[in-house]
Amino acid sequence: MQGWGAVVGAAAVVWGAGHWSLVWPVLVGVLAVAVVGGGGWALWRAHRLAVGQDRVWRAQEEARARELSMAEVDALSWQDFERYVAELCRRDGCREVVVSGKSGDLGADVVGYLADGRKLVVQCKKYAPERSVSSQDMQKFVGTARPEHGADVALFVTTCRSFTKAALGLAVRQDIVALHRDLLGSWVKGAHLETLIPLNGSGGGTRRPPV
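Residues numbered from 1 in each chain as written. Predicted model: local features only at pLDDT ≥ 70, side-chain atom pairs only at ≥ 80, totals over all residues. Heavy atoms only, no water.

Asker: What is the right way to look at the overall build of the chain in this model?
Answerer: Counting its regular elements, the chain contains seven helices and seven strands. Along the chain, helices and strands appear, N-terminal first, in the series α-α-α-β-β-β-β-α-β-β-α-β-α-α. Counting only residues that meet the buried cut, the chain has 35% of its 211 residues in that class. A sequence separation of at least 24 residues applies to 58% of the contacts in the chain between residues at least 6 apart. When the accessible area of the chain is evaluated, it comes to approximately 12,400 Å², of which 62% is carbon and sulfur surface. (Helix = DSSP H or I, 4+ residues; strand = E, 2+ residues; numbered from the N terminus. Buried < 20%, exposed > 50% of the residue type's maximum accessible area, 1.4 Å probe, protein only. Contact = heavy atoms within 4.5 Å. Areas by Shrake-Rupley, 256 points an atom, 1.4 Å probe, with all protein chains shown as cover.)

Here you go:
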């Protein structure tokens, strides 16, 4: 069998040499396709890499911009923070916005009405960035936002970076809108409240469980 293969190979070489005018265009075409294909794949890979790097860079720049926008917010007292949140609500078209500004408000630090008439009740927590909102904090707000204040939209907004998994899970189950530091930073930068309400902390929407 090996001898037969050698004979066939030799015959192919002899035939190719005798018909070189027919063979060489085919070889050139195959080589060109290989080169173009390899070059195209390399370009596609380089493009994907560049796009990925650009996305990372844009995300990093957006995070830096949010942090810069939060610098003045971090300097506020908790009373001024409540007033500032009220001003954000007014900026976005909320009506009859009132700030409690006192203890014993049963979780209603800011109360008003969205442009479409729904009642908005806001709990404001001025926490250090590295802190997390606990399940106990969320439980207290859940227990008052609708039963005590009749909220149509219940908003828990904080200056810290996260809610604990239990707190966010409770917020999702009870349809509480959880705005952590990043979403608050976007709000401060000009994002409209109506566009932030569906994001609910994890970005998963008010009816989906947290990741």
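Asker: What's the story with the packing of helix α4 (residues 135–145) against helix α5 (residues 165–173) in this structure? I'm lost.
Answerer: When two helices pack together, you describe them by how their axes are tilted relative to each other and by the distance separating the axes. With their axes 8 Å apart at the nearest point, α4 and α5 run at an angle of 20 degrees to one another. Our classification of the angle between α4 and α5 gives roughly parallel. Contacts from Ser135, Met138, Gln139 and Val142 in α4 reach Ala166, Ala167, Leu170 and Ala171 in α5. Its residues placed into classes, the contact of α4 with α5 shows six nonpolar, two polar and no charged. (Axes fitted to C-alpha atoms, helices over the stretch in contact; angles between N-to-C directions. Parallel < 35°, antiparallel > 145°, perpendicular 65-115°, else oblique. Nonpolar A, V, L, I, M, F, W, Y, C, P; charged D, E, K, R; others polar.)

Asker: Could you clarify how one ought to interpret helix α3 (residues 78–91) in this entry?
Answerer: Helix length check: α3, at 14 residues, gives a terminal C-alpha distance of 20 Å against a target of 20 Å (1.5 Å per residue), a fit within 8%. Of the positions making up α3, those classed as buried are Phe81, Glu82, Val85, Ala86, Leu88 and Cys89. Projected onto a plane normal to the axis of α3, the buried residues spread over an arc of 155 degrees and lie on a single side. After α3 finishes, the residue Gly93 shows a positive phi value of roughly 95 degrees. (Expected span 1.5 Å × (residues − 1). Arc of directions from axis to C-beta.)

Asker: Is there a simple way to think about the pattern of salt bridges in this case?
Answerer: Side-chain pairs of opposite charge can arise where the charged atoms are in close proximity. In the structure shown here, the tally under the stated rule is eight salt bridges. Between Arg83 and Asp80 there is a salt bridge whose closest N-O contact spans 2.5 Å. A residue pair is termed a helical-turn pair when its members lie 3 or 4 positions apart in one helix, as Arg83 and Asp80 do in helix α3 at three residues. Asp80 gets classed as partly exposed once you look at its relative accessible area, which sits at 31%. In this structure, Asp175 engages Arg146 in a salt bridge whose closest nitrogen and oxygen atoms are separated by 4.0 Å. Note that Asp175 is positioned in the loop between α5 and β7 (176–179) and Arg146 in the loop between α4 and β5 (153–158), a separation of 29 residues in sequence. Of the residues examined, Asp175 reaches a relative accessible area of 23% and is grouped as partly exposed. Sharing partners across several salt bridges, the network here consists of Asp116, Arg118 and Glu194. (Salt bridge = Lys/Arg side-chain N within 4 Å of Asp/Glu carboxyl O.)

Asker: Looking at this structure, I do not really get the sheet that holds strand β1 (residues 95–99). What am I missing?
Answerer: Strands in a sheet are paired, the pairing made by backbone hydrogen bonds, and the direction either parallel or antiparallel. Spatially, the five strands line up as an open sheet ordered β1-β2-β3-β5-β7, and their pairing is mixed. Either end of the sheet is taken by a strand with one partner, and the two such strands are β1 and β7. The sheet shows a mean angle of 15 degrees between the axes of neighbouring strands, direction not considered. Note that β1 and strand β2 (residues 110–113) share three bridges and pair antiparallel. Bridge pairing in β2 links Arg95 to Tyr113. In the packing of α4 onto the sheet, the strands contacted are β3 (119–125), β5 and β7, and the crossing angle to β5 comes to about 155 degrees. (Pairing = 2+ DSSP bridges.)

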